[in-house]
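# Topology and contacts: notes
Each chain is listed here by its residues.
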Amino acid sequence: MLLAASAFAGFFCSTALFSFALWAQQTDPAKPVVVQPGAPGKPSRTLPASTKATLPPRSQADVEFMQGMIMHHSQAVEMTALIASHTENKDLWLLGARISRSQSDEIKFMQRWLAARGERVSMATPGMPGMNMSREPMALMPGMLAPEQMEALRKAKGAEFDRAFLIGMIQHHNGALIMVKDLFDTAGAGQDADVFNFATDADSTQRAEIRIMEAMLEKKPSEEKR
């Protein structure tokens, strides 16, 4: 304990002295100070006053990941919008509300991230307006439902819809996991803090939801009514 207290006191004193020295230099407006903290165990460096902070170059893979995930999430939200009119399964209602809310919020986050960097918020090309991705004649992101799958989902009702929705959303979520893996497998990608945090959170969230949906698929109809 005494050693810890002594070490803390020494650290406090050295920090105070460093702060005072830095303050003393900064009191002279003609001599602005730019200090670069050193790596662990290394001293800090005083840089020229003309030094400017620069962000690391943006990875094109990050941009394409965010654009693609907006498209991917949009279809998931479209799928959840069918639940209220196609089934009375309360567990599916709760799951759908959770997916819709979280992915709608994430779409807004990704749109802000792209807009702040002067990038397009959509991968749409001329002749393909809107966000209804299930009807667009374009290459789909991994796991996205093809137009015929979406059409079958719209026509299903009750228990048939429940099963089709769960199978389709598991496929959809697994596709998102592939997109995250592809991002981190790309050299230089996923280093942006916002992209890293979003991608890792999406990965863990969708893995958890896949487990929930797999358990729901294993339930017998009699168990769902209890």
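Residues numbered from 1 in each chain as written. Predicted model: local features only at pLDDT ≥ 70, side-chain atom pairs only at ≥ 80, totals over all residues. Heavy atoms only, no water.

Looking only at helices and strands, the protein features eight helices and two strands. Per-residue burial for the protein yields a buried fraction of 34% across its 226 residues. Residue pairs at least 24 apart in sequence account for 73% of intrachain contacts in the protein once pairs closer than 6 positions are excluded. Working note: accessible area of the protein is about 14000 Å², and carbon and sulfur atoms make up 61% of it. (Helix = DSSP H or I, 4+ residues; strand = E, 2+ residues; numbered from the N terminus. Buried < 20%, exposed > 50% of the residue type's maximum accessible area, 1.4 Å probe, protein only. Contact = heavy atoms within 4.5 Å. Areas by Shrake-Rupley, 256 points an atom, 1.4 Å probe, with all protein chains shown as cover.)

On average, residues of the protein score 80 in pLDDT, and 67% of them are at 70 or above. Under a pLDDT of 50 for its full length, residues 1–25 has, in the predicted model, five contacts with residues more than four places off or in other chains. This model gives residues 125–138 a pLDDT under 50, and the stretch forms 21 contacts once residues within four places in sequence are excluded. (pLDDT = per-residue confidence, 0-100.)

On to the side chain of Gln 67, then. Positionally, Gln 67 belongs in helix H2 (residues 60–80). Overall, the relative accessible area of 10% leaves Gln 67 in the buried class. Apart from residues no more than four positions distant in its own chain, Gln 67 is found in contact with Leu 114, Arg 120, Ser 122 and Met 123.

Two numbers describe how helix H6 (residues 158–185) lies on helix H7 (residues 193–218): the axes approach to 9 Å, and their chain directions differ by 155 degrees. Of the possible angle classes, the one that applies to H6 and H7 is roughly antiparallel. Considering the relative orientation of H6 and H7, their crossing is left-handed. Here the contact of H6 with H7 is composed, by residue class, of 16 nonpolar, four polar and five charged. (Axes fitted to C-alpha atoms, helices over the stretch in contact; angles between N-to-C directions. Parallel < 35°, antiparallel > 145°, perpendicular 65-115°, else oblique. Left-handed = near helix turned anticlockwise from the far one by under 90°. Nonpolar A, V, L, I, M, F, W, Y, C, P; charged D, E, K, R; others polar.)

Attention now goes to the side chain of His 73. Checked against the element boundaries, His 73 lands in helix H2. Excluding its chain neighbours within four sequence positions, the residues that come into contact with His 73 are Gln 103, Glu 106, Ile 107, Met 110, Phe 198 and Gln 206.

In contact at an axis separation of 11 Å, H2 and H7 are set at 35 degrees when each is read in the N-to-C sense. Seen from above, H2 lies across H7 with left-handed handedness. Taken together, the residues of H7 that come into contact with H2 (itself represented by Asp 62, Phe 65, Met 66, Met 69 and His 73) are Val 195, Phe 198, Ala 199 and Gln 206. Partitioning the contact of H2 with H7 into residue classes produces six nonpolar, two polar and one charged.

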